[in-house]
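So the chains spell out like this:
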Amino acid sequence: MSSSATALSEFSNPNLEPLFTAEQIQTRVAEMGAEIARDYAGGTPLLVGVLKGAYIFLSDLVRSIDLRLGVEFMAISSYGMGTRSSGEVRIVKDLDVPVEGRDILIVEDIVDTGLTLSYLIASLHGRGAKSVRLAALLDKWERREREVTIDYCGFRIPDAFVVGYGLDFAERYRNLPYVAVLKDPNA
Ligand code: IMP
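Predicted, not measured: the structure shown is a model, and the values here were computed from it.

Quick look at the site of the ligand now. Surveying the vicinity of the ligand reveals 17 residues, the closest of which are Asp112, Thr113, Gly114, Thr116 and Val162. In this structure, Lys140 approaches the ligand through a side-chain N or O atom, which is 3.0 Å from an oxygen atom. For the ligand, a nitrogen atom lies 2.6 Å from a polar atom in the backbone of Val162. For the shell around the ligand, the secondary-structure elements that each account for two or more residues are β5 (103-111) and α4 (115-126). Partitioned by chemical class, the residues of the shell around the ligand number eight nonpolar, four polar and five charged.

Here it is, written out as structure tokens:
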């Protein structure tokens, strides 16, 4: 790799305005995990991570839930490569196990319009899940178009496009250890 490429820092990119530090996120995720462990005590929940954005949140969250549990993934197409929802929801990768009779906890990075989650929750109920709850790291509540109950919410955020800790813009910035507002998507 050339020396000019290594000199550029992705983590302190000037187009990013930090919103939550890695420490703030770790503290909040640990609190959420403890609350989930209390609520599901005696049960065996199946955590369903929504790819790709939730992969870092899910991996930290499960390590704070001191319970026997299962982990599965789904992938849903929503935004393509842009910053606004197309309104179109499609399952790109489905679960590998049946959910009938299971207590499902969906783990999502961010709830924006709510279109993705309202579709997913209805779909899992339709497959006979015993219960379906939602844990979301971020709630962009001002933009909601469909009512969605977030049972475990990390942080409420204003209407801005955010990246980091798994969240991307056109597949970039997922590796930031913190969450930041992307100031100019065209920069
Ligand atoms: P919704 O269906 O509009 O609620 O959108 C949910 C999905 O859109 C999330 O799982 C993210 O993948 C994506 N998304 C929404 N807002 C943002 C954002 O600010 N940054 C990155 N991805 C976002």
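Now that the structure is up, let's keep going.
Taken in spatial order, the six strands of this open sheet run β4-β3-β2-β5-β6-β7, and their pairing is mixed. A strand with exactly one partner marks an edge of an open sheet, and here the two such strands are β4 (90-93) and β7 (152-156). Across the sheet, the mean angle from the axis of one strand to that of its neighbour is 30 degrees, orientation sign disregarded. Where strand β6 (residues 131-139) and β7 come together, four bridges link them in parallel fashion. Within β7, the residue paired with Ala136 across the bridge is Cys153. Across the sheet, α4 is in contact with β2 (46-51), β3 (70-77), β4, β5 and β6; its angle to β5 comes to roughly 170 degrees.

As a further point, take the packing of aromatic side chains. Applying the stated criterion to the full structure yields two aromatic pairs. Look at Phe20 and Phe155: their rings are 4.0 Å apart centre to centre, the planes differ by 20 degrees, and that puts the pair in the stacked class. Placement of the pair is Phe20 in strand β1 (residues 16-20) and Phe155 in strand β7, with a sequence separation of 135 residues. For the pair Phe20 and Phe155, a shared accessibility class is recorded, and that class is buried. On the numbers, 5.9 Å between centres and 80 degrees between planes, the contact of Phe161 with Phe169 is edge-to-face. The buried category is assigned to Phe161, whose relative accessible area is 15%. Here Phe169 falls in the buried class, since its relative accessible area comes to 17%. Sitting above the plane of the Tyr40 ring, Arg133 keeps its charged end 5.0 Å from the centroid. Of note, Arg156 hangs over the ring of Trp141, and the distance from its end group to the ring centre comes to 4.6 Å.

Definitions and limits used
- Residues numbered from 1 in each chain as written.
- Predicted model: local features only at pLDDT ≥ 70, side-chain atom pairs only at ≥ 80, totals over all residues.
- Heavy atoms only, no water.
- Near = heavy atom within 4 Å.
- Polar contact = N/O pair within 3.5 Å; in protein donor to acceptor, adjacent residues only side chain to side chain.
- Helix = DSSP H or I, 4+ residues; strand = E, 2+ residues; numbered from the N terminus.
- Nonpolar A, V, L, I, M, F, W, Y, C, P; charged D, E, K, R; others polar.
- Pairing = 2+ DSSP bridges.
- Axes fitted to C-alpha atoms, helices over the stretch in contact; angles between N-to-C directions.
- Contact = heavy atoms within 4.5 Å.
- Phe/Tyr/Trp six-rings, centres within 6.5 Å; stacked < 30°, edge-to-face > 60°.
- Buried < 20%, exposed > 50% of the residue type's maximum accessible area, 1.4 Å probe, protein only.
- Lys NZ or Arg CZ within 6 Å of the ring centre and 35° of its normal.

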